[in-house]
Each structure stands twice: as structure tokens, then as C-alpha cells.
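The chain contents come next:
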Amino acid sequence: GAEASPHAQPTPPQSQIRTPQHPAGQPSDLQQQQQQQEDDEWEVANQQRLLELMANGASDIQRKRAGLQGQPTPAIDMVSYHEAFIHFMTLPLDERKRASAEELLPPPPGFLARLMCMATPNLKPLFREQQIRLLCLAREPFAEEDPMHLKLLQSLYACYTGKVSVAAPRFGSHWGEVGFQGTDPATDLRGCGMLGLLQLAYLHQHSPSNAAHIHGLATNPNQEFPMAIVSINITKFVLQALRSGVLNAPTNELGSAMEAANLFYVGTFYTFYDMWLGGNKTMLQSGYVIKELQILSQKKPKAMIAAAQKSLH
């Protein structure tokens, strides 16, 4: 992978990427209020979980930061997307968290709504359970006490940069090479938790060559963008699509909520790549591009899923 340019322009705050003003296709005030309420509830849940982890592990992080000084970097213990996926999907699910996540999904449609085709398609219990697990994973922050979290993070760095000889240090400016904004990638994952990291792994697993094209464009001095931050925004679009029910029909067709969510994510990222490269975009237009992409993805989820099969150039 390409080294980050020493003359690269500073990456703007994530808020500039997430919440730009957009001249066209602006949602209604009610939709904005509902979205803000959902975002606020999501952030509160993440903060509560983060406080729990901090109470148990803050001192561990401090010790790790200090202990890493001057120590040799260990060899990398690579983990695949499938290994990480199985790990996360088989973890015990706290019933309180499960119930909280289920409340975010649209309720099963009633008889009259189904009769008049006015509701989102109903899901088989297995598919609904899969969606609940995805939402719960999105509320799971990076945890120092789970070795899989760090293994997945380091594996992502190795896959995208090609630096596979040693494990990337837990903290440091090198994370900017894959598009994180600070020295600790965990701080960027708020709002989509470990689902954000897992989907970035899926992007590479789905097509290593396409993932290389995306990383190459992201590190191009003329059109660079923070790849991990863009990915996290797209994972948030996945969560929005789950909450609204627009992924229900694709889930029924594909026979898997996991596959529907992942293909939606990949296709939306490929669409971003085409918009960015084809429109010769730079960070000055990033807010408009992300907002346009959000609107498009929610209106045409099946088109996003279909786009996951294309080859990037």
C-alpha cells in the first residue's frame, strides 16, 4: 500500500463528512428530528457501554500505552473476515441489549397492512434475529479485553497496506494510512461499533482487487479521503436501512440478513468510489458526496446491492 503523503492536506473533522448542508433532496423537518433522536439514542447507548468498559479497562489501556514504549513489535496474528464473523455472531447476547436493539426494527406488519401492501415485507424469525445481532454488534465498542478486536484491527491494516511482516502497534499515527483520524482507531468507531470494523474487513474479503483500488484512491494526493471514516459512515447507512426496513425485501430474496447488509455496504462503497473518482472530487466536496450517497442508498437499496458485483478500475 502507499505510504501517507507527508504533504497531505489535513483531514477535516468527521462532523464535516457526516452532516453537511445539501442544496437538494433535503429531508423534512420531521425526518430530521426523527433521525436526530435515533442518533442521540444510539450515541447514549454507545456512551453507556463505553463507560462500562472504561470502568474495567481504562487502567489497562494506560498500562498498554506506557508498556508499548520501546518494546519490539510482535509478529501479526492474521484473522480472516469469516473467523471474526463467527466469533462475533456466536457471542452470548445479553437479553436487555437484545430487547433494546429489537425496538429499533420496524414491527412485523399486521394483516391489513400486508393485505394492502402498505408495510415493509415481513421477515422469517431467523432473519429478524440476524438483524438484531447486527444492531447489537453496532453497539459493541472496541474492547481491549477481547483479543479478537485487536487481531481484526491489525489484520485490516496489514491487508490494506500490505505491511504483513509485523503487527501494527495499537496506538500511533500509522492508522492514518487506512483512513482513521487519530492515533487510536477505537475512538472513530463510536456510532457503529465493531460492526464498522467487521464490514471494513468484508470489503477486502469480498474483492481484494476492488479494495485495493479504493485504498489507492483514498491515498492518492490529488483525491485522497479518509477511507476508514467513509466506511464508518456507510456502515451507519446500513444501520439506517435496517431500522427503516428497506433491507427486508433483499434479505428475503438473498436468504440472509448478514449477506444483504454486507452487499448493501459494499455496493454503496463502490458507488462512492465511482462518484468520487468520476466526479474528480476532493475533500472540499466530501460533505455533499456523503449526503447524496446517503439519500441514494436509502432510496435504491437493491441498486446498491447490485453494484456490489461490479469491478472497479
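Quantities reported herein were computed from a predicted structural model and do not represent experimental measurements.

**Considerations on the overall build of the protein chain**
Along its length, the protein chain carries 14 helices and zero strands. Across the protein chain, helices and strands are ordered from the amino to the carboxyl terminus as α-α-α-α-α-α-α-α-α-α-α-α-α-α. Relative to its full complement of 313 residues, the protein chain shows a buried share of 49%. Across the protein chain, contacts joining residues at least 24 apart in sequence account for 80% of those joining residues at least 6 apart. A total accessible area of about 15400 Å² is found for the protein chain, and carbon and sulfur atoms account for 56% of it.

**Thoughts on unusual backbone geometry**
Phi at Asn280 takes a positive value of approximately 50 degrees, unusual for a residue other than glycine. Within the secondary structure, Asn280 sits in the loop between helix H12 (257-278) and helix H13 (286-299).

**Description of helix H6 (residues 125-138)**
Helix length check: H6, at 14 residues, gives a terminal C-alpha distance of 20 Å against a target of 20 Å (1.5 Å per residue), a fit within 8%. Summarising burial for H6: eleven of the 14 residues are buried, a large majority. Taken as a whole, H6 has its buried residues at Phe127, Arg128, Gln130, Gln131, Ile132, Arg133, Leu134, Leu135, Cys136, Leu137 and Ala138.

**Details of the packing of aromatic side chains**
On inspection of all chains with the given rule, the structure shows nine aromatic pairs. Considering the side-chain rings of Trp175 and Phe180, the 6.3 Å spacing of their centres and the 85 degrees angle between planes classify their relative orientation as edge-to-face. For Phe180, a relative accessible area of 6% translates into the label buried. Cluster of aromatic residues (ring-pair linked, three or more members): Phe225, Tyr265, Phe269, Phe272 and Trp276.

**Remarks on the nonpolar core**
In terms of nonpolar packing, the biggest core is built from 73 residues, with Phe225 and Phe269 touching the most fellow members. If near-sequence neighbours (up to four positions away) are discounted, Phe269 is found in contact with Leu203, Ile214, Phe225, Met227, Val230, Ser231 and Ile234.

**Quick look at the packing of helix H8 (residues 193-206) against helix H9 (residues 208-218)**
Axis separation between H8 and H9 bottoms out at 5 Å; the angle between their running directions is 120 degrees. In this view, H8 runs oblique relative to H9, as classed from their interaxial angle. Contacts between H8 and H9 involve Leu203, His204, Gln205 and His206 on the former and, on the latter, Pro208, Ala211 and Ile214.

**Describing the side chain of Arg98**
Structurally, Arg98 is set in helix H4 (residues 95-102). Beyond its immediate stretch of four places on either side in the chain, Arg98 contacts Leu93, Glu129, Ile132 and Cys136.

**Side note on the pattern of salt bridges**
Under the definition given, this model contains nine salt bridges. Measuring nitrogen to oxygen at the nearest pair gives 2.9 Å for the salt bridge that ties Lys302 to Glu253. Placement of the pair is Lys302 in helix H14 (residues 301-307) and Glu253 in helix H11 (residues 248-254), with a sequence separation of 49 residues. Classification of Glu253 as exposed rests on a relative accessible area of 57%. Residues participating in the shared-partner salt-bridge network are Arg98, Glu102, Arg128 and Glu129.

**Quick look at the environment of Gln181**
The topology assignment puts Gln181 in the loop between helix H7 (147-161) and H8. In this structure, the C-alpha to C-alpha distance between Gln181 and Pro226, residues 45 residues apart in sequence, is 7.4 Å.

**Digging into the packing of H8 against H12**
Remark: H8 packs on H12, axes separated minimally by 10 Å, with the N-to-C direction vectors making an angle of 75 degrees. In terms of orientation, H8 lies roughly perpendicular with respect to H12. Contacts between H8 and H12 pair Gln199, Leu200, Tyr202, Leu203 and His206 from the former with Ala261, Asn262, Leu263, Tyr265, Val266, Phe269 and Tyr270 from the latter. Taken together, the residues that form the contact of H8 with H12 break down as nine nonpolar, three polar and no charged.

**Focus: the environment of Thr282**
Here Thr282 shows up in the loop between H12 and H13. Taking the C-alpha atoms as reference points, Thr282 and Asn222, separated by 60 residues in sequence, lie 7.5 Å from one another. Discounting chain neighbours no more than four positions away, the residues touching Thr282 are Asn222 and Trp276.

**Some points on the confidence of the model for the protein chain**
With 73% of its residues at a pLDDT of 70 or more, the protein chain shows a mean pLDDT of 82. Note on residues 18-27: pLDDT is under 50 here. Beyond four places in sequence and across chains, it has 15 contacts. Here residues 66-70 is a poorly scored stretch, pLDDT under 50, and it has two contacts once near neighbours within four places are set aside; other chains count.

The rules behind the values
Residues numbered from 1 in each chain as written. Predicted model: local features only at pLDDT ≥ 70, side-chain atom pairs only at ≥ 80, totals over all residues. Heavy atoms only, no water. Helix = DSSP H or I, 4+ residues; strand = E, 2+ residues; numbered from the N terminus. Buried < 20%, exposed > 50% of the residue type's maximum accessible area, 1.4 Å probe, protein only. Contact = heavy atoms within 4.5 Å. Areas by Shrake-Rupley, 256 points an atom, 1.4 Å probe, with all protein chains shown as cover. Expected span 1.5 Å × (residues − 1). Phe/Tyr/Trp six-rings, centres within 6.5 Å; stacked < 30°, edge-to-face > 60°. Core = buried A, V, L, I, M, F, W, Y, C linked by side-chain atoms within 4.5 Å. Axes fitted to C-alpha atoms, helices over the stretch in contact; angles between N-to-C directions. Parallel < 35°, antiparallel > 145°, perpendicular 65-115°, else oblique. Salt bridge = Lys/Arg side-chain N within 4 Å of Asp/Glu carboxyl O. Nonpolar A, V, L, I, M, F, W, Y, C, P; charged D, E, K, R; others polar. pLDDT = per-residue confidence, 0-100.

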